[in-house]
Amino acid sequence: MLSNDFPLDAKSVSRLATKGLPLENLKSQIDDSIDFSLELWRSQGLDIVKNKGYYYFSTKFIPMDKAEFCIVDIETNGSKIDKHQIIEIAALKIKNGKIIDSYESLVKCKEINKHITAITGISAEDTQDAPLLKEVLYKFKLFLGDAVFIAHDVKFDYKFISQSMQKVGLEPLLNRSICSLALAERTIESYRYALSYLNNTFRLNPDASHHRAMSDVMTTYGLFKLSLENISENIHNVEDLIKFSKEGKRLKRPKFDPLQENQEEK
């Protein structure tokens, strides 16, 4: 998931993930030197490497057991980036199925309406001793590095964080990303794919407290592991997984809600 400011066209991005991009194609789309652009993109979480005369996303050559994934969730005081902000962020760094690091923080916020507080349990008063958004995002950026960004319905979290970074004077995110919801649709048969429903069905996180960032991250971590266990196709590297999460065949959903049927039986 790349920023709208990213200079390469969709065809070039596709080639970076597959058969490689020739130097002349790369040169024709950027104004700065190749080395400068590659360093800038790397600082934004996107590592592009040269191999046998062609350029690729480094994730094309990273096997699954060596890859670093970062599972992320945010809580916000609204959905509009121009009016609202992140009030809590949490992330887990995963490698070879295991948690290797974590990051979480509340974010100082002047106003949180009662509806958001009712959902999350976070009030404006709770955040008064928390760091400001710029500090939180800078630390998150360092934590994330060039790991693959994973979230449930990734478009919202990724875009909101990236645009929030731009609001506080940081560069937008360019990390490769995977939507855990889209991956689940291709690996787990379920009547619904909301995170809370999947948790109730598969007991991914017994201690879940829905709509708190780290709790949802832990649930997504359980879901991600279950998805990887259920993949039947040959996934050799990170780009294979990204492609499968977008293009793999979705599983057929049950016609009736098994959770509802179980409740009725009880």
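Quick caveat: nothing in here was measured; it's all calculated off a predicted structure.

Before going further, it helps to spend a moment on unusual backbone geometry. Even without being glycine, Asp153 reaches a positive phi, approximately 65°. Among the structural elements, Asp153 can be located in the loop between strand S7 (148-151) and helix H6 (154-167). Its identity as a non-glycine residue notwithstanding, Arg203 has a phi of 50°, on the positive side. In this fold, Arg203 is placed in the loop between helix H8 (195-202) and helix H9 (213-230).

Before going further, it helps to examine the sheet that holds strand S8 (residues 177-179). Ordered in space as S6-S5-S4-S7-S8, the five strands form an open sheet in which the pairing is mixed. A single partner strand is all that each edge strand has here, and the edge strands are strand S6 (98-106) and S8. Averaged over neighbouring strand pairs, the angle between their axes works out to 20° when direction is ignored. Summarising the sheet, strand S4 (residues 68-76) and strand S5 (residues 86-95) pair through nine bridges and their orientation is antiparallel. Bridging across to S5, Asp73 finds its partner in Ala90. Across the sheet, H6 touches S4, S5, S7 and S8, and the angle it forms with S4 is around 80°. Here H9 sits on the sheet and contacts S4, S5, S6 and S7; the angle it forms with S5, its principal contact strand, is near 30°.

This brings us to the side chain of Asn175. Checked against the element boundaries, Asn175 lands in the loop between H6 and S8. Residue classification places Asn175 among the buried residues on the basis of a relative accessible area of 1%. Among the polar contacts made by the side chain of Asn175, one reaches the main-chain carbonyl oxygen of Ala147 at a distance of 2.9 Å. The residues contacting Asn175, other than those within four sequence positions of it, are Met1, Gln44, Gly45, Leu144, Gly145, Asp146, Ala147, Phe149 and Tyr158.

Another aspect to go through is the sheet that holds strand S2 (residues 48-51). Within the open sheet, the three strands sit side by side as S1-S3-S2. Their pairing is antiparallel. The open sheet terminates on both sides in strands that have one partner only, identified here as strand S1 (21-22) and S2. Relative to strand S3 (residues 54-57), S2 runs antiparallel, the two being bridged by four bridges. Opposite Asn51, over in S3, you have Tyr54 as the bridge partner.

Turning to its location among the elements, Gln44 is positioned in the loop between helix H3 (34-43) and S2. What makes Gln44 buried here is its relative accessible area of 6%. At a separation of 2.8 Å, a polar atom in the side chain of Gln44 contacts the main-chain carbonyl oxygen of Pro172. Every residue in contact with Gln44, bar those within four places of it in the chain, is listed here: Lys141, Glu171, Pro172, Leu173, Leu174 and Asn175.

A word on helix H10 (residues 238-247). For H10, the set of buried residues is Val238, Glu239, Leu241, Ile242, Phe244 and Ser245. By the N-cap criterion, in which a side-chain oxygen at the helix start approaches the backbone nitrogen of a residue two or three places on, H10 is capped by Asn237, the distance to Glu239 being 3.1 Å.

Here the focus is the nonpolar core. With 28 residues, the main nonpolar core has Ile86, Ile89, Leu137, Phe140, Phe149 and Ile161 as its most contacted residues. Looking at this core, the elements that each hand over two or more residues are S4, S5, helix H5 (133-144), S7 and H6. Aside from chain neighbours lying at most four places away, what touches Phe140 is Val72, Ile89, Ala91, Tyr103, Phe149, Ile161 and Met165. Core analysis: the second largest hydrophobic core is formed by 21 residues, Met64, Ala213, Phe224 and Phe244 among them.

All right, on to the environment of Tyr191 then. Tracing the chain through its elements places Tyr191 in the loop between helix H7 (180-187) and H8. Look past the residues within four positions of Tyr191 in its chain and what remains in contact with it is Tyr197, Arg253, Pro254, Lys255, Phe256, Asp257 and Pro258.

With that settled, consider the pairing of S5. The buried fraction of S5 is high, at nine of ten residues. From the end of S5 to the start of S6, which pair antiparallel, there are two residues, and Asn96 there has a positive phi angle of about 55°.

Across all of its chains, the model carries seven aromatic pairs by this definition. Residues Tyr191 and Tyr197 carry aromatic rings whose centres are separated by 6.5 Å and whose planes lie at 45° to one another, so their mutual orientation is tilted. Taking the relative accessible area as the measure of exposure, Tyr191 reaches 29% and is therefore partly exposed. For Tyr197, a relative accessible area of 5% translates into the label buried. One cation-aromatic arrangement involves Lys93 over Phe143; the distance from NZ or CZ to the ring centre is 4.8 Å.

What counts and what doesn't
Residues numbered from 1 in each chain as written. Predicted model: local features only at pLDDT ≥ 70, side-chain atom pairs only at ≥ 80, totals over all residues. Heavy atoms only, no water. Helix = DSSP H or I, 4+ residues; strand = E, 2+ residues; numbered from the N terminus. Pairing = 2+ DSSP bridges. Axes fitted to C-alpha atoms, helices over the stretch in contact; angles between N-to-C directions. Contact = heavy atoms within 4.5 Å. Buried < 20%, exposed > 50% of the residue type's maximum accessible area, 1.4 Å probe, protein only. Polar contact = N/O pair within 3.5 Å; in protein donor to acceptor, adjacent residues only side chain to side chain. Core = buried A, V, L, I, M, F, W, Y, C linked by side-chain atoms within 4.5 Å. Phe/Tyr/Trp six-rings, centres within 6.5 Å; stacked < 30°, edge-to-face > 60°. Lys NZ or Arg CZ within 6 Å of the ring centre and 35° of its normal.

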